[in-house]
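# Structure at a glance
Here are the chains, one letter per residue:
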Amino acid sequence: MMNDRSSQSQWQDLQRQEEHKRGPSSKKHYMILLLITYFSLFVGSVSSTLVSKFYFIHKGSSIWVSTWVQSAGFPLLLLLIYLPHHLFKCTTRRPFTHFTPKLLLLSVSMGLMLGLNNFLFSWGTSCLPVSTTALLLSSQLAFNLVLSVIIVKQKITFSNFNCVILLTLGSVLLALSSNHDRPKELSRAKYFLGFFSTVGAGLLFALYLPVMEMIYKKVYCYGMVIEMQLAMEMAATALATVGMVAVHGFSEMKKESERVFDLGPKAYWLTLAFNMVTWQFAFMGTAGLVFLTTSLTGGICMTALMAANVLGGVLAYGDKFGGGKVVSTLLCLWGFCSYVYGMYVKMKEEEEEEEENGGSIELLPEQQMV
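Quantities reported herein were computed from a predicted structural model and do not represent experimental measurements.

All right, on to the confidence of the model for the chain then. Scored by pLDDT, the chain has a mean of 82; 85% of the residues are at 70 or more. Model confidence for the chain, summarised as mean pLDDT per element, is weakest for helix α16 (residues 365–368) at 40 and strongest for helix α10 (residues 222–246) at 95. Long-range and interchain partners of residues 18–24, a stretch whose pLDDT sits below 50, account for 9 contacts in this model, where long-range means more than four residues apart.

The first and last C-alpha atoms of helix α7 (residues 140–152) sit 17 Å apart over 13 residues, in line with the 18 Å expected at 1.5 Å per residue. For α7, the complete set of buried residues consists of Q140, L141, N144, L145, S148 and V152. One or two steps after α7, the chain reaches K153, where phi turns positive at roughly 60 degrees.

Turning to the nonpolar core, a few remarks are in order. In this structure, M110, Y208, M212, Y216, V219 and M228 are the most contacted members of the largest nonpolar core, which totals 50 residues. Judged by nonpolar contacts, the second largest core, of 12 residues, contains Y55, M244, M253 and F261.

As a further point, take empty space enclosed by the protein. Throughout the structure, instances matching the rule amount to 1 cavity of 30 Å³ or more. Size it by volume and the largest cavity reaches roughly 380 Å³. Lining the largest cavity are 22 residues, with F121, L137, F205, W279 and M302 positioned closest to its centre. The set of elements that each furnish at least two residues to the lining of the largest cavity consists of α2 (24–57), α5 (101–127), α6 (130–137), α9 (188–216), α12 (265–292) and α14 (306–317). Here the residues of the lining of the largest cavity are counted per class, giving 11 nonpolar, 11 polar and no charged.

Let's shift gears to a negative patch on the surface. Together, E349, E351, E352, E353, E355 and E356 line one region of the surface with negative charge. Within the secondary structure layout, E352 lies in helix α15 (residues 323–356).

A separate point is the side chain of T278. By secondary structure assignment, the location of T278 is in helix α12. The class for T278 is buried, based on a relative accessible area of 10%. Within polar-contact distance, the side chain of T278 engages the backbone oxygen of N275 at 3.1 Å. Filtering out sequence-adjacent residues up to four positions away, T278 remains in contact with G44, S47 and S48.

Time to look at the pattern of salt bridges. Evaluated as defined, the whole model comprises 2 salt bridges. With its nearest N and O atoms 2.9 Å apart, the salt bridge here joins E227 to R93. In this pair, E227 is assigned in helix α10 and R93 in the loop between α4 (77–86) and α5, connecting sequence segments 134 residues apart. Here E227 and R93 have matching classes, each one buried. The closest approach of N and O atoms between K255 and E252, which form a salt bridge, is 3.9 Å. Remark: E252 and K255 occur in helix α11 (residues 249–260); sequence separation between them is 3 residues, near one turn of the helix.

This next bit is on the environment of S66. Topologically, S66 is positioned in helix α3 (residues 63–71). Spatially, the C-alpha atoms of S66 and F119 are 8.0 Å apart, while their sequence positions differ by 53 residues. Ignoring sequence-local partners within four residues, the contact set of S66 consists of F56 and S122.

The next subject is the packing of α11 against α12. The interhelical angle for the contact between α11 and α12, taken along N-to-C directions, is 125 degrees, at an axis separation of 7 Å. Our classification of the angle between α11 and α12 gives oblique. The handedness of the crossing between α11 and α12 comes out as right-handed. Across from M253, K254, E256, S257 and E258 in α11, the residues of α12 making contact are P265, Y268, W269 and L272. Tallied by class, residues from the contact of α11 with α12 come to 5 nonpolar, 1 polar and 3 charged.

Next up on the list: α11. Here α11 is 12 residues long, yet its end C-alpha atoms lie only 14 Å apart, well below the 16 Å a rise of 1.5 Å per residue gives. Those residues of α11 lying buried are G249, M253, E256 and S257. The buried residues of α11 occupy one face: seen down the axis, they fall within an arc of 95 degrees. For α11, the exposed residues set more than 90 degrees away from the buried face come down to K254 and R259.

This next bit is on a nonpolar patch on the surface. A surface patch of nonpolar side chains, about 620 Å² in accessible area, is lined by L311, L315, F321, V326, V327, L330 and L333. When residues of the nonpolar patch are traced back to their parent elements, those giving at least two are α14 and α15. Mapped onto the elements of the fold, V326 is located in helix α15.

On to the packing of aromatic side chains, then. Think of a pair of aromatic rings as described by two things: how far the centres are apart, and how the planes are tilted against each other in angle. Summed over the entire model, instances satisfying the criterion amount to 19 aromatic pairs. On the basis of an interplanar angle of 70 degrees and a centroid distance of 5.4 Å, the ring pair of F119 and W123 is categorised as edge-to-face. With F119 and W123 both in helix α5 and 4 residues apart, this pair spans about one turn of that helix. Residue W123 is classed as partly exposed on the basis of its relative accessible area of 26%. Joined through ring pairs, the aromatic side chains of Y55, F56, F261, Y268 and W269 make up one cluster.

Another point: unusual backbone geometry. Positioned with a positive phi, K59 is a non-glycine residue whose angle comes to about 80 degrees. Tracing the backbone through its elements, the reader meets K59 in the loop between α2 and α3. Of note, the phi angle at H98 is positive, near 65 degrees, even though the residue is not glycine.

Criteria and cut-off values
- In this convention, every chain numbers its residues from 1, walking through the sequence in written order.
- For a predicted model such as this one, the threshold for reporting local features is a pLDDT of at least 70, and the threshold for listing and counting side-chain atom pairs is 80 or more; totals across whole chains, interfaces and linings nevertheless cover every residue.
- Side-chain measures were taken over the full set of non-hydrogen atoms in the model, leaving aside hydrogen atoms and water.
- pLDDT measures how confident the predictor is about each residue, on a scale from 0 to 100.
- Numbering goes from the N terminus for both helices and strands, where a helix is a DSSP run of H or I of at least four residues and a strand is a run of E of at least two.
- Contacts were defined at the residue level, with two residues in contact if any of their heavy atoms lie within 4.5 Å.
- What a helix should span is 1.5 Å times the count of its residues minus one.
- Whether a residue is buried, partly exposed or exposed follows from its accessible area with a 1.4 Å probe, protein chains only, as a fraction of its type maximum: under 20%, in between, or over 50%, in that order.
- Here, nonpolar core means buried Ala, Val, Leu, Ile, Met, Phe, Trp, Tyr and Cys residues that are tied together by side-chain atoms lying within 4.5 Å of each other.
- Note on definitions: the grid is 1 Å and covers protein atoms alone; a cavity is a set of points where a 1.4 Å probe fits but cannot get out; a pocket is an open set with protein on both sides within 12 Å along at least five of seven lines; lining residues have an atom within 4 Å of a point.
- Grid points are joined across faces, edges and corners, and a volume is the space filled by probe spheres set on the points.
- Here the term charged refers only to Asp, Glu, Lys and Arg, the term nonpolar to Ala, Val, Leu, Ile, Met, Phe, Trp, Tyr, Cys and Pro, and the term polar to all other amino acids, Gly among them.
- Exposure above 30% relative accessible area and no salt bridge define the residues that can form patches, which grow by joining like charges within 9 Å and nonpolar side chains of Val, Leu, Ile, Met, Phe, Trp and Tyr within 5 Å.
- Residue exposure ignores everything except the shown protein chains as possible cover, and the areas themselves are Shrake-Rupley values with a 1.4 Å probe.
- For this document, the term salt bridge refers to a Lys or Arg side-chain nitrogen within 4 Å of an Asp or Glu carboxyl oxygen.
- Under the convention used here, Asp and Glu are negative, Lys and Arg are positive, and both His and the chain ends fall outside the count.
- Charged groups are reduced to one reference atom each: NZ for lysine, CZ for arginine, CG for aspartic acid, CD for glutamic acid.
- Contacts described as polar in this section are N or O atom pairs within 3.5 Å, which, within protein, must combine one atom able to donate a hydrogen with one able to accept it, while residues neighboring in sequence count only if both atoms come from side chains.
- Inter-axis angles, ranging from 0 to 180 degrees, are taken between N-to-C directions of lines fitted to C-alpha atoms, where helices are fitted over the stretch in contact.
- Any angle between 65 and 115 degrees counts as roughly perpendicular, while under 35 counts as roughly parallel, over 145 as roughly antiparallel, and the rest as oblique.
- By convention the crossing between two helices is left-handed if the near helix lies anticlockwise of the far one by an angle smaller than a right angle, and right-handed if it lies clockwise.
- Each C-beta atom gives one direction from the helix axis, and the arc is the one those directions make.
- In this analysis, rings of Phe, Tyr and Trp, with Trp reduced to its six-membered ring, are considered paired at centre separations within 6.5 Å, and the interplanar angle assigns stacked below 30 degrees, edge-to-face beyond 60, and tilted for intermediate values.

Structure, rendered in structure tokens:
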């Protein structure tokens, strides 16, 4: 019992030390880290979606291969974990310090959820145009708001509620007109299977984000976020590997590269390699955004990026961009701008309050971005 109290007290001391270090300089570093995270999310979200679709467009057909490559790039995270301490000497914390068995168990559990989400996403991507997939995934936002209120007690404001309504309306509008996007060679049944798989992936991700925000409250530095991400992706890869073994996926990869993929073996392996890298950008951008801000902010930013994915699908693959998608994209942009403006107003009010109190109130970065 005494050991538990001592461990809890030590953990609280670490958190207080981290909060005490947050001054003007640390706020500047925080904003730099946040910008890097946004950039990672932007690059990862757009490129991973386009490369995943590239695989299927050029006769790649294995949903399990597409699922496996989404998390199989996890060894790249070891560079982010070990280089800051051992090479750049920019942190005194040794990797995996205070990474408890409980955090490991939570990471593995969330990794299995992530693996299932990856599978549903791959299934949807194999059947739908990129632009349709992107806009359908925005359906997660309304559920994200509800679950954020329930799980992490997210406060509902006019700006975030208005944003969720606009983005959800965009998804509904797409759903009503999406059947016109069905490729001629794709059966109606398979098209709607992909349609609902994509919606399922979005809803599962809506649960994933607030649960991760709750878990991150047990984490006191960004390095631990990366370590948790490593454990999660290892679990997701293990789940995908089981599926690959069950369908003889690894033996089929060589045959697919030589006989099926219409650009040849070299392009096949490069496609999978690029997919592994781009998904790491996307996952780290997501994890970092939830840790630095909130799960709702993360969900809103990812949904706003759907507009970039829609335009990417139109430019790269010639997806149709009819009136429904135009209006949906404009609603996404309108909703995101509404949220950003509300966030800006809130930050200005908090800064004025801090000045009136003579700087006695020191806001955490997480509070600034709610």
